[in-house]
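Spelled out, the chains give:
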Amino acid sequence: MPISGKSSVLLIGNNGSGKTTIGLALGILQKIVRDPKRGGTNRVGDLVKPTDLSRGRTDVPMRFEIEVDLGGKIYEYAIAFEYPTGFKELRVLEEKLVAGGKPVYTREGAQVHLAKTGQEGEAQFRIDWHLVALPIVQGPSFFNDPLFIFKQWLARILILRPMPGLIRGDSEQETLQPNLQVTDFGDWFSGVLAPFPSAYARIDEYLKQVMPDFKDIRKPLVDKDSRSLVVQFSSDQGSMTLPFEDLSDGEKCFAICALVLAANDAYGPIVCFWDEPDNYLALSEVGHFVIALRKAFETGGQFIATSHNPEAIRRFSDENTLLLYRNSHLEPTIVRPLSEIQVSGDLVGALVRGDVEP
Amino acid sequence: MSVNKFLPHVFVLPEDDANRQLANGFHLQIASNLQRQMQVLPVAGGWVDVLNLFESEHVAEMDRWNRRFMVADRL
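Keep in mind that this is a model prediction, so the values were computed, not measured.

It is worth spelling out the overall build of chain B at this point. Counting secondary structure elements, chain B contains 2 helices and 3 strands. Taking 75 residues into account, the globule formula puts the C-alpha radius of gyration at 11 Å, and chain B, at 12 Å, falls close to it. In chain B, which comprises 75 residues, the share counted as buried stands at 41%. A sequence separation of at least 24 residues applies to 74% of the contacts in chain B between residues at least 6 apart. Working note: accessible area of chain B is about 4,200 Å², and carbon and sulfur atoms make up 59% of it. Taking the 7 positively charged and 9 negatively charged side chains of chain B as two groups, their mean positions are separated by 11 Å.

Rendered as structure tokens:
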């Protein structure tokens, strides 16, 4: 994926070309380091299944690789799974984390090799082939430890495909790790504002732009252990309070967008992968919504969107639009920047005609 | 709310796809609190089409919304 150095990227392509799959792949990597209460697991069988092997080929390893620049240091994490004959689930073939060109740890099968760091010498140990080592390995320090920095970044990637109808606004816990469908919006809202209360200013600013009669969001107790978000609106005609769950689907997406902007300001830079951010929005809102996200990530982090919506597609340029394409389900996806593809006339028109091909 | 039509706002009517991308670049440079006062419209598809669209749609709307400004760009 040629997305390095780009603050925002749009993925376009036909249905089945693999746009959402990129989010799913990121989700698998993220699941390795997430809190088990938020769906995290390092058990290989819970991350990938034999049916995930491309065309059922058991003789070829399944490999995931990610590279990220954090604070000027390049982190590279790679993991490969294999499915030996006679086994019931996949297991780890290789795994490594490299920071700034120096290995933090490498692994082959069960054997993990920890590199020398500072006064700590090299170390080797063995772990279950069916467990990923990343969440288990602990560095010598904490906040400056490359392992901690990378794991925290990976756990905090926002992979979003909101289902507004399922978002109720209940808040029983605090988290910076919202789920894919953002059904834990209330927990995420609390998780951002508890350590970063000033983030509310960003939420307030954005929501007042998109809903001029928005006054505030509150979190009153609904019983002794839980709270639920309510939204207050006011104008010259008076004021009213609505439970968060009663907002429209599009309004809930505005609230999610506000929280994404606030999160990137408060504890970013983060990566946000939003699968079809234009869903549920009025046509007149789509462009503004996308531009707000693109602008917010210009100062840090990375925003990756997928879309079929003309209004969303028009808000990106050829340099930051990638076309995903494949000839059939039997062939791999090809990724090409739009700037390398010949498109005649208006891009949206060419997409409607099906004329955009690598 | 889309663009607040009671405040000064500008619509950009790009002649072609290259102009649309230029306009997007300008749009991203606007301060966040003013961003919604600009909108890049769909590509007209040629300078003659820009003029035709301007005459058939936008002149009347500009009379109706007197705080609207139009930029019809051409390289």
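Bringing a nonpolar patch on the surface into the picture now. A contiguous nonpolar surface patch, about 270 Å² in accessible area, is contributed by Met 163, Leu 166 and Tyr 280 of chain A. Position of Tyr 280 of chain A relative to the elements: it lies in the loop between β15 (271-275) and α7 (283-296).

Before going further, it helps to spend a moment on the pattern of salt bridges. Tallied over the entire structure, the rule returns 20 salt bridges over all chains. The partner of Glu 285 of chain A in a salt bridge is Arg 36 of chain B, with the nearest N and O atoms 2.9 Å apart. Taken together, the residues Glu 285 of chain A in helix α7 and Arg 36 of chain B in the loop between α1 (17-29) and β2 (38-40) connect one chain to another. Owing to a relative accessible area of 8%, Arg 36 of chain B belongs among the buried residues under this scheme. Via salt bridges that share partners, Arg 38, Asp 184 and Asp 187 of chain A belong to a single interconnected network.

With that out of the way, let us pick up the packing of aromatic side chains. For the structure on display, the rule yields 12 aromatic pairs over all chains. Taken together, a centroid distance of 4.7 Å and an interplanar angle of 10 degrees make the contact between Phe 185 of chain A and Phe 244 of chain A stacked. Of this pair, Phe 185 of chain A sits in helix α4 (residues 185-193) while Phe 244 of chain A sits in the loop between β14 (238-243) and α6 (249-267), and the two are 59 residues apart along the sequence. Considered together, Phe 185 of chain A and Phe 244 of chain A belong to a single accessibility category, that of buried residues. Aromatic ring contacts, followed pair by pair, group Tyr 75, Tyr 77, Phe 150 and Trp 153 of chain A into a single cluster. In this structure, Lys 5 of chain B is placed above the aromatic ring of Trp 65 of chain B, and the distance from its NZ or CZ to the ring centre is 5.2 Å.

All names here are of chain A. What the 3 strands build is an open sheet, ordered β9-β12-β11; its pairing is antiparallel. The strands lining the two open edges of the sheet, one partner per strand, are β9 (170-171) and β11 (221-223). Relative to strand β12 (residues 226-228), β11 runs antiparallel, the two sharing 2 bridges. Opposite Leu 221, over in β12, you have Arg 227 as the bridge partner.

Our focus in this paragraph is the interface of chain B and chain A. Contacts between chain B and chain A engage 21 residues on the former and 22 residues on the latter. Here chain B and chain A share 1 salt bridge between them. Across the contact surface, chain B and chain A share 10 residue pairs in polar contact (both at pLDDT 80 or more). For the side of chain B that touches chain A, the secondary structure elements donating two or more residues are α1 and β2 of chain B. Take the side of chain B that touches chain A: its biggest share by element is 7 residues, from α1 of chain B. Residue classes in the side of chain B that touches chain A are distributed as 9 nonpolar, 9 polar and 3 charged.

Helix packing geometry: the angle between the two helix axes and the distance between the axes. All names here are of chain A. It is at 10 Å that the axes of α6 and α7 come closest, and there the two elements cross at 15 degrees. With respect to α7, the axis of α6 lies roughly parallel. As α6 runs across α7, the sense of the crossing is left-handed. Across the interface between the two elements, Cys 253, Phe 254, Cys 257, Val 260, Leu 261 and Asn 264 of α6 pack against Glu 285, Phe 289, Ala 292, Leu 293 and Ala 296 of α7. Of the residues that constitute the contact of α6 with α7, the class distribution is 9 nonpolar, 1 polar and 1 charged.

Mean pLDDT for chain B: 91, with 95% of residues reaching 70 or above. For this predicted complex, the interface score ipTM comes out at 0.91, alongside a pTM of 0.94.

Excluding glycine, a negative phi dihedral is what most residues carry, and trans is how most peptide bonds are arranged. All names here are of chain A. Between Gly 268 and the following residue, Pro 269, the backbone shows a cis peptide bond with an omega angle of 5 degrees. The residue Pro 269 is located in the loop between α6 and β15 in this model. Its identity is not glycine, yet Glu 276 carries a phi of approximately 60 degrees, on the positive side. One can find Glu 276 in the loop between β15 and α7. The exposure class assigned to Glu 276 is partly exposed, which follows from its relative accessible area of 24%.

Right, let's get into the nonpolar core. Residue and element names in this part refer to chain A. Ranked by size, the top nonpolar core spans 61 residues in total, and within it Phe 185, Trp 188, Tyr 206, Leu 207, Val 260 and Trp 274 carry the most contacts. At 12 residues, α6 tops the list of elements feeding residues into this core. Among residues more than four places away in sequence, those in contact with Phe 185 are Ile 167, Leu 229, Phe 244, Ala 255, Ile 256 and Leu 259. In terms of nonpolar packing, the next biggest core, distinct from the first, is built from 48 residues, Ile 3, Leu 114, Val 137 and Ile 157 among them.

Attention now goes to the environment of Met 62 of chain A. All names here are of chain A. Along the chain, Met 62 turns up in strand β2 (residues 62-70). Take Met 62: its relative accessible area is 11%, and that puts it in the buried class. In this structure, the C-alpha to C-alpha distance between Met 62 and Pro 50, residues 12 residues apart in sequence, is 9.8 Å. If near-sequence neighbours (up to four positions away) are discounted, Met 62 is found in contact with Val 48, Lys 49, Asp 52, Leu 53, Ile 79, Ala 80, Phe 81 and Leu 90.

What counts, and at which threshold
- Residues numbered from 1 in each chain as written.
- Chains lettered and ligands numbered in written order.
- Predicted model: local features only at pLDDT ≥ 70, side-chain atom pairs only at ≥ 80, totals over all residues.
- Heavy atoms only, no water.
- Helix = DSSP H or I, 4+ residues; strand = E, 2+ residues; numbered from the N terminus.
- Rg over C-alpha atoms; globule rule 2.2 N^0.38 Å.
- Buried < 20%, exposed > 50% of the residue type's maximum accessible area, 1.4 Å probe, protein only.
- Contact = heavy atoms within 4.5 Å.
- Areas by Shrake-Rupley, 256 points an atom, 1.4 Å probe, with all protein chains shown as cover.
- Lys, Arg positive; Asp, Glu negative; His and termini not counted.
- Charge placed at Lys NZ, Arg CZ, Asp CG, Glu CD.
- Patch = residues over 30% accessible without salt bridge, like charges linked within 9 Å, V, L, I, M, F, W, Y side chains within 5 Å.
- Salt bridge = Lys/Arg side-chain N within 4 Å of Asp/Glu carboxyl O.
- Phe/Tyr/Trp six-rings, centres within 6.5 Å; stacked < 30°, edge-to-face > 60°.
- Lys NZ or Arg CZ within 6 Å of the ring centre and 35° of its normal.
- Pairing = 2+ DSSP bridges.
- Polar contact = N/O pair within 3.5 Å; in protein donor to acceptor, adjacent residues only side chain to side chain.
- Nonpolar A, V, L, I, M, F, W, Y, C, P; charged D, E, K, R; others polar.
- Axes fitted to C-alpha atoms, helices over the stretch in contact; angles between N-to-C directions.
- Parallel < 35°, antiparallel > 145°, perpendicular 65-115°, else oblique.
- Left-handed = near helix turned anticlockwise from the far one by under 90°.
- pLDDT = per-residue confidence, 0-100.
- Core = buried A, V, L, I, M, F, W, Y, C linked by side-chain atoms within 4.5 Å.

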